[in-house]
Amino acid sequence: MKRFPYIIIVIVIFSIAASSIKAEEQQVKSIMGNDSFLLSDFDLETAKKKALEGDAESAYRIHLHYKLGKFDTVSSFGWLQIAANHNHASAQYSLGYIYMKVSIFKNPRLARFWLKEAEKNGHKRATGALKMLEELVLKSEK
């Protein structure tokens, strides 16, 4: 019987701590802005229809939804490819960068192709990335 008040106090303390942790997690999520990349089910379906009809911006938006909102790398990469194929300069740059830097995807020819497409479509950092790619290729040939 004497332990009962202590058990209640411990439960209350743990409840307060758990609430505090959840509040901090929500604060971190809002600071990181992950929720701003999420699409509602309706918006996602609408964007998918538009993207598959050729709307590059919709495909890129879906890519961001999966990459930064849902953290689904496979879906993100697929929609990034669709956006790049529809001439979205940022998607082309990102795809080129992935093919240049990410070990499981490394492919200098694809990296060069997509970075040149991005450069052609006016992406400002594509030229610098192409120079970096050439340096990486030269180093690997030595």
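Residues numbered from 1 in each chain as written. Predicted model: local features only at pLDDT ≥ 70, side-chain atom pairs only at ≥ 80, totals over all residues. Heavy atoms only, no water.

Student: Break down the nonpolar core for me, citing the residues and quoting the values.
Tutor: One recurring pattern in soluble globular proteins: nonpolar side chains tend to sit buried together. Among the nonpolar cores identified, the biggest contains 29 residues, and Ile-62, Leu-95 and Leu-115 are the most heavily contacted of them. When contributions to this core are tallied by element, the ones reaching two or more residues are α2 (41–52), α3 (56–70), α4 (73–85), α5 (89–101), α6 (108–120) and α7 (126–141). If one sorts the elements of this core by residue count, α5 sits on top with 6 residues. In this structure, Leu-115 is in contact with Gln-92, Tyr-93, Gly-96, Tyr-97, Met-100, Ala-126, Ala-129, Leu-130 and Leu-133, ignoring residues within four places of it in sequence. (Core = buried A, V, L, I, M, F, W, Y, C linked by side-chain atoms within 4.5 Å. Buried < 20%, exposed > 50% of the residue type's maximum accessible area, 1.4 Å probe, protein only. Helix = DSSP H or I, 4+ residues; strand = E, 2+ residues; numbered from the N terminus. Contact = heavy atoms within 4.5 Å.)

Student: Which residues make up the environment of Lys-106, and what values do they have?
Tutor: Tracing the sequence through the fold places Lys-106 in the loop between α5 and α6. Considering only alpha carbons, one finds Lys-106 and Gly-96, 10 residues apart in sequence, at a separation of 9.6 Å.

Student: Quick one: what's the story with the packing of α5 against α7, residue by residue and with numbers?
Tutor: Axis separation between α5 and α7 bottoms out at 11 Å; the angle between their running directions is 15°. Our classification of the angle between α5 and α7 gives roughly parallel. Handedness of the α5/α7 crossing: left-handed. In this structure, α5 contributes Tyr-93, Tyr-97, Met-100 and Lys-101 to the contact, and α7 contributes Ala-126, Ala-129, Met-132, Leu-133 and Leu-136. Tallied by class, residues from the contact of α5 with α7 come to 8 nonpolar, no polar and 1 charged. (Axes fitted to C-alpha atoms, helices over the stretch in contact; angles between N-to-C directions. Parallel < 35°, antiparallel > 145°, perpendicular 65-115°, else oblique. Left-handed = near helix turned anticlockwise from the far one by under 90°. Nonpolar A, V, L, I, M, F, W, Y, C, P; charged D, E, K, R; others polar.)

Everything listed is a geometric property; what it means functionally is a separate question.
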